[in-house]
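Structure assessment
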Amino acid sequence: MGRLTTHVLDTSIGRPAAGVRVVLRRDGEVVAEGTTNADGRMDGPLLDGTAFRPGRYELTFHVGDYFRARGLALADPPFLDVIPLHFGIAEDTHYHVPLLVSPYGYSTYRGS
C-alpha cells in the first residue's frame, strides 16, 4: 500500500532540519501538516492507508521560520520563506520527497 514521506536537510550546516513546518494539500485542501523532528522527518507518513490516493499535491515547507529560529539574520523579505512543491502521485507505492535547503537555495527529488 502507498505512502508519502518527507525529510528536510539543512545543507548550510550539513544536518537534518528540525522544526520545519510542513503542510500537504490536495486540490487546495490541507490533508496533513506537522513539524519535522530532530531527524528532519515527520513522526509518521504524511499519507498512507485510505488517505493515500492518486492526484495532484502541494507540499509547502516553511523554511524562513526555521532559519529565523536558528538565529540567522535574513533579509526582509527573505530570499526563501515558504517553498511550494507541486507534484503528482500516480502509483500505489512509496513516495519519498526530501528537501535539501539553505537560506539561498534548495533541491528536491523523488527518493526511495
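All figures in this text were calculated on a predicted structure; none of them were measured in a lab. (Residues numbered from 1 in each chain as written. Predicted model: local features only at pLDDT ≥ 70, side-chain atom pairs only at ≥ 80, totals over all residues. Heavy atoms only, no water.)

1. Some details on the packing of aromatic side chains
The condition is simple: Aromatic rings from Phe, Tyr and Trp, with only the six-membered ring used for Trp, were paired whenever their centres fell within 6.5 Å, and each pair was classed as stacked if the ring planes differed by under 30 degrees, edge-to-face if by over 60, and tilted otherwise. Where helices and strands are cited, they refer to DSSP runs of H or I of at least four residues and of E of at least two residues respectively, numbered from the N terminus. For the exposure calls, accessible area comes from a 1.4 Å probe over protein chains only, and a residue counts as buried if that area is under 20% of its type's maximum, exposed if over 50%, partly exposed in between.
This structure, assessed with the given rule, holds four aromatic pairs. Seen from their ring centres, Phe 52 and Tyr 95 are 6.2 Å apart, and the 40° between their planes marks the pair as tilted. Of the two residues, Phe 52 is situated in the loop between strand E5 (47-48) and strand E6 (55-62) and Tyr 95 in strand E8 (residues 94-102); the sequence distance between them amounts to 43 residues. Using a relative accessible area of 9% as the deciding quantity, one classes Phe 52 as buried. For Tyr 95, a relative accessible area of 5% gives the class buried.

2. Thoughts on the nonpolar core
Where we set the bar: Buried residues of nine kinds, namely Ala, Val, Leu, Ile, Met, Phe, Trp, Tyr and Cys, make up a nonpolar core once their side-chain atoms join them within 4.5 Å. Any two residues whose heavy atoms approach within 4.5 Å at even a single point are treated as in contact.
Counting residues in hydrophobic clusters, the biggest one holds 26 residues, and the most contacted among them are Leu 24, Leu 59, Phe 61 and Val 63. Excluding anything up to four places from it in sequence, Phe 61 contacts Thr 6, Val 8, Val 20, Arg 21, Val 22, Asp 81, Val 82, Ile 83, Leu 85, Val 97 and Leu 99.

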